[in-house]
Amino acid sequence: MMISLNNRAKSNKKKIRVGRGIGSGKGKTSGRGVKGQKSRSGVSIKSFEGGQMPLYRRLPKRGFNPIEKKSIAILNLDKIQAFIDKKNIKTSETLNSNLLKKLRLINKRSSKLKILGSGVIKDKINIEADLASKSAVSKLEKIGGSIQIKK
């Protein structure tokens, strides 16, 4: 059996014309019920909750902020030098995220540690970090310190 365009099922189904008399079944109120805001034209009350603060305004904004964002603690070399000067950190021990979290120098929720190279560091120190900038690595190696980058 071949279906052509003119004998396809539902191809010429009539559109319901509302408000065209009682005999059409959609006359008088045109299927909108009786009176009220919804029976009028030009009504949009999709998110209106009767004056109550609507749901879309009660919930916090979340766009473009990934929920499971990895928080990276950032430490500059001048900040590390300041910690050494205040005697918060000993130059003899290896500086890593666990030690810094224990001393409350970085946030305990941070998952990674990144060393950045702004400022000057005078003391030789060994650092173990997840990430490091090129300038930080070169400055540390120039004074005789070392930095291990964890994989």
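The coordinates are above.
Residues numbered from 1 in each chain as written. Predicted model: local features only at pLDDT ≥ 70, side-chain atom pairs only at ≥ 80, totals over all residues. Heavy atoms only, no water.

Novice: Explain the overall build of the protein to me, and be specific about the residues and the numbers.
Specialist: Counting its secondary structure elements, the protein contains four helices and five strands. A compact globule built from 151 residues should have a C-alpha radius of gyration of about 15 Å, whereas the protein, at 35 Å, is more than 25% larger. Projected onto its principal axes, the C-alpha positions of the protein cover 95 × 55 × 25 Å. When contacts within the protein are restricted to residue pairs at least 6 apart in sequence, those whose partners lie at least 24 apart make up 42%. Working note: accessible area of the protein is about 12600 Å², and carbon and sulfur atoms make up 52% of it. Put simply, the protein has 38 plus and 9 minus side-chain charges, and the middle of one group is 27 Å from the middle of the other. (Helix = DSSP H or I, 4+ residues; strand = E, 2+ residues; numbered from the N terminus. Rg over C-alpha atoms; globule rule 2.2 N^0.38 Å. Contact = heavy atoms within 4.5 Å. Areas by Shrake-Rupley, 256 points an atom, 1.4 Å probe, with all protein chains shown as cover. Lys, Arg positive; Asp, Glu negative; His and termini not counted. Charge placed at Lys NZ, Arg CZ, Asp CG, Glu CD.)

Novice: Outline the sheet that holds strand β4 (residues 131-132), listing residues and values.
Specialist: What links the strands of a sheet is backbone hydrogen bonding, and the strands pair in either a parallel or an antiparallel sense. Read from one edge of the open sheet, three strands run β1-β2-β4, paired in parallel fashion. Only two strands of the sheet have a single partner each, and these edge strands are β1 (72-76) and β4. Pairing analysis gives five bridges linking β1 to strand β2 (residues 112-116), with the strands arranged parallel. When the bridges of β2 are listed, isoleucine 74 appears paired with lysine 114. (Pairing = 2+ DSSP bridges.)

Novice: Explain the pattern of salt bridges to me, using residue names and the numbers behind them.
Specialist: Inspection of the entire model under this criterion finds one salt bridge. Note that glutamate 49 is salt-bridged to arginine 58, the shortest N-O span being 3.0 Å. A relative accessible area of 46% means that arginine 58 is categorised as partly exposed. (Salt bridge = Lys/Arg side-chain N within 4 Å of Asp/Glu carboxyl O. Buried < 20%, exposed > 50% of the residue type's maximum accessible area, 1.4 Å probe, protein only.)

Novice: Can you break down helix α2 (residues 77-85) residue by residue, with the values?
Specialist: All of the buried residues along α2 are Leu77, Ile80, Gln81, Phe83 and Ile84. Projection of α2 onto a plane perpendicular to its axis shows the buried side chains occupying an angular sector of 160°, all on one side. Tucked inside the fold, the buried residues of α2 contact β1, β2, β3 (126-129) and α4 (134-142). (Arc of directions from axis to C-beta.)

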